[in-house]
Amino acid sequence: MTIYYSLTFLLLAAEMATFCFLVMPLPYAIRKRMFHFLSESPIIAKLAYALKISFIFVGILFFDALQRMFRITAESEMAKSGQNMGDIRTETNLAARKFYAQRNTYLTGFTLFLSLVLTRTFYITLDLIHVQEEYAKLKGNGSAKGSDGDKDKIIASKDKEIAELKKKTRDFDTLKNQAASQAAEYNRLADRYNKLTGEKPADKKAD
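A brief look at the structure comes next. Each chain has its residues counted from 1, following the order in which its sequence is written. Since the coordinates come from a predicted model, pLDDT governs what is reported: local features require at least 70, and pairs of side-chain atoms require 80 or more to be given and counted, while whole-chain, interface and lining totals use all residues. Calculated side-chain values reflect all of the structure's heavy atoms, with hydrogen atoms and water omitted.

Attention now moves to the overall build of the chain. Helix and strand definitions here come from DSSP, where helices need a minimum of 4 consecutive H or I residues and strands a minimum of 2 consecutive E residues; each element is numbered from the N-terminal end. A tally of regular secondary structure across the chain gives five helices and zero strands. Along the chain, helices and strands appear, N-terminal first, in the series α-α-α-α-α. Buried residues are those whose accessible area, probed at 1.4 Å on protein chains only, stays under 20% of the maximum for their type, while exposed residues exceed 50% and partly exposed ones sit between those limits. Among the 207 residues that make up the chain, the fraction classed as buried is 29%. In this description, contact between two residues means that some pair of their heavy atoms is separated by no more than 4.5 Å. Within the chain, residue pairs in contact and separated by at least 24 positions form 84% of the contacts whose partners lie at least 6 positions apart. All accessible-area figures derive from a Shrake-Rupley calculation using a 1.4 Å probe, and residue coverage is judged against the displayed protein chains alone. Taken as a whole, the chain presents about 13,700 Å² of accessible surface, with 64% of it coming from carbon and sulfur.

What follows is the structure, encoded as structure tokens:
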């Protein structure tokens, strides 16, 4: 695996660890301070800006890997229908190139996909914290203007917003579990392919 795909894998691993940290069931006070720090810290803002630039390069790698995968797939189909069908070394070489092209496509694609999930999860959780803060203020402010009926309507509205945000968070958890299961299935198929062909995952022919 080349250096830029190795860095992409490290970025994917960091995204997975960050996502697990964000959705970790923490006490409300700790979660509130943590998310306020992440959203207001200038250091985190500079780090986020650098990550945005890195994701642009990952996007370029994704489109390059996707284009290469299509090209190698076309070459493989031509070889199967052409004169090189009996050449085992040529067929094995094409299969290995196709495997590495698919691996690079999935690696960069999962990295970009998880970055979107991570960003949306962060902002949904941050909105949830803001709504909970407003809810606590409304509930604890007995001298607020308006009748009790108006207060009940506002509280009911905030309860509904909180429920919707929690539902979105659960949806992102489900999405993350689906992505993890797909990655596990891909790894299982890759191990099976390596076992059948005798190729090593970190072969020097990797693109």
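Multiplying 1.5 Å by the helix residue count minus one yields the expected span of that helix. With 20 residues, helix 1 (residues 3-22) should reach 28 Å at 1.5 Å per residue; the first-to-last C-alpha distance of 28 Å fits that figure. All of the buried residues along helix 1 are Tyr5, Thr8, Leu11, Leu12, Glu15, Phe19 and Leu22. The buried residues of helix 1 occupy one face: seen down the axis, they fall within an arc of 105 degrees. With respect to the buried face of helix 1, the exposed residues turned more than 90 degrees away are Ile3, Leu7 and Leu10. Arc definition: it is the arc formed by the directions from the helix axis to the C-beta atoms.

The subject of this paragraph is the layout of surface pockets. One number sums up the size of the largest pocket: a volume of about 870 Å³. Residue lining of the largest pocket: 24 residues in total, with Ala48, Leu51, Leu118, Thr119 and Phe122 positioned closest to the centre. Of all the secondary-structure elements, those providing two or more residues to the lining of the largest pocket are helix 1, helix 2 (28-40), helix 3 (42-81) and helix 4 (88-140). With eight residues, helix 3 is the single largest residue contributor to the lining of the largest pocket. Classification used: nonpolar for Ala, Val, Leu, Ile, Met, Phe, Trp, Tyr, Cys and Pro, charged for Asp, Glu, Lys and Arg, polar for all others including Gly. By residue class, the composition of the lining of the largest pocket is 17 nonpolar, five polar and two charged. Cavity: a set of points on a 1 Å grid over the protein atoms alone where a 1.4 Å probe fits but cannot get out. Pocket: an open set with protein on both sides within 12 Å along at least five of seven lines, its lining residues, like those of a cavity, having an atom within 4 Å of a point. Grid points are joined across faces, edges and corners, and a volume is the space filled by probe spheres set on the points.

Let's shift gears to the packing of aromatic side chains. Note on aromatic contacts: the rings of Phe and Tyr and the six-membered ring of Trp form a pair at centre separations within 6.5 Å, being stacked when their planes are under 30 degrees apart, edge-to-face when over 60 apart, and tilted otherwise. Overall, the coordinates contain five aromatic pairs when judged by the stated rule. For the pair phenylalanine 35 and phenylalanine 122, a centre-to-centre distance of 5.4 Å together with 20 degrees between the ring planes defines the contact as stacked. With phenylalanine 35 in helix 2 and phenylalanine 122 in helix 4, the pair connects residues that are 87 residues apart, well separated along the chain. You can call phenylalanine 122 buried: its relative accessible area is 14%. Clustering of aromatic rings is evident, with ring pairs tying together Phe35, Phe122 and Tyr123.

With that settled, consider the side chain of threonine 108. With respect to the helices and strands, the residue threonine 108 is situated in helix 4. Its relative accessible area of 0% is what places threonine 108 among the buried residues. Sequence-distant contacts of threonine 108, defined by excluding residues within four places in its chain, comprise Tyr5, Thr8, Val58, Leu61 and Phe62.

To continue, consider the pattern of salt bridges. Any carboxyl oxygen of Asp or Glu that lies within 4 Å of a side-chain nitrogen of Lys or Arg is treated as forming a salt bridge with it. As enumerated under the stated definition, the model contains two salt bridges in all. Residues lysine 32 and glutamate 133 are paired through a salt bridge, measuring 3.6 Å at the closest nitrogen-oxygen approach. Of this pair, lysine 32 sits in helix 2 while glutamate 133 sits in helix 4, placing them 101 residues apart in sequence. By relative accessible area, which is 16% here, glutamate 133 ends up buried. Arginine 68 is paired through a salt bridge with aspartate 64; the nearest N and O atoms lie 3.4 Å apart. You can see arginine 68 and its partner aspartate 64 sitting in helix 3, four residues apart, about one turn around the helix. For aspartate 64, a relative accessible area of 31% corresponds to the partly exposed category.

Another point: a nonpolar patch on the surface. Nonpolar side chains collect at one region of the surface, where Ile3, Tyr4, Leu7, Phe9 and Leu10 lie side by side and expose about 550 Å² of accessible area between them. Looking at phenylalanine 9, the relative accessible area reads 46%, which means it is partly exposed. Grouping into patches uses exposed residues only, defined as over 30% relative accessible area, and leaves out salt-bridged ones; the cut-off is 9 Å for like charges and 5 Å for nonpolar side chains (Val, Leu, Ile, Met, Phe, Trp, Tyr).

Once that is clear, we can look at the side chain of threonine 8. The residue threonine 8 is located in helix 1 in this model. What makes threonine 8 buried here is its relative accessible area of 2%. At 2.7 Å, the side chain of threonine 8 and the backbone oxygen of tyrosine 4 are in polar contact. In the analysis that follows, any N or O atom pair within 3.5 Å is treated as a polar contact, provided that within protein one partner can donate a hydrogen and the other can accept it, and provided that, for residues neighboring in sequence, both atoms belong to side chains.

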